[in-house]
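Residue-level structure breakdown
Okay, here's what each chain looks like letter by letter:
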Amino acid sequence: MVRVPLTPEERQRGERFGVLLRQARGERSMVEVAAAAGLSAETLRKIETGRAPTPAFFTVAALAAALGLSLDELAAACAEGPHTAEFRQAG
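Calculation criteria
Residues numbered from 1 in each chain as written. Predicted model: local features only at pLDDT ≥ 70, side-chain atom pairs only at ≥ 80, totals over all residues. Heavy atoms only, no water. Core = buried A, V, L, I, M, F, W, Y, C linked by side-chain atoms within 4.5 Å. Buried < 20%, exposed > 50% of the residue type's maximum accessible area, 1.4 Å probe, protein only. Helix = DSSP H or I, 4+ residues; strand = E, 2+ residues; numbered from the N terminus. Contact = heavy atoms within 4.5 Å. Phe/Tyr/Trp six-rings, centres within 6.5 Å; stacked < 30°, edge-to-face > 60°.

1. Some remarks on the nonpolar core
Nonpolar side chains in soluble globular proteins generally cluster together in the buried interior. By size, the foremost hydrophobic cluster in this structure holds 18 residues, and its most contacted members are Phe17, Leu21, Leu44, Leu63 and Leu74. Elements with a minimum of two residues in this core: α1 (8–25), α2 (30–37), α3 (41–49), α4 (57–67) and α5 (71–79). When residues in this core are grouped by element, the largest group, five residues, is from α4. Ignoring sequence-local partners within four residues, the contact set of Leu21 consists of Leu44, Ile47, Glu48, Leu63 and Leu67.

In structure tokens:
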């Protein structure tokens, strides 16, 4: 099976998701959050850095639960542009 390349918008959405996760993680270590979500630290690293811009739904749900975020918050923040997401967090 050949994987269709991601669009620039999909890559940008993955980068926004990674930034949001890093911000939500705060001072917690990557290992701590990954373990709480049932993931490897390497998987979380790939998601946070945008190298895995389209994680599976259950991975996203596990991360949201581990970080105390709602799926609605994640979806809204990742669907917006980077400036809008930053404004929402500051507001």
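2. Section: the packing of aromatic side chains
Taken as a whole and judged by the stated rule, the model has one aromatic pair. Here the aromatic rings of Phe57 and Phe58 are separated by 5.2 Å at their centres, their planes lie at 80°, and the arrangement is edge-to-face. By relative accessible area, which is 52% here, Phe57 ends up exposed.

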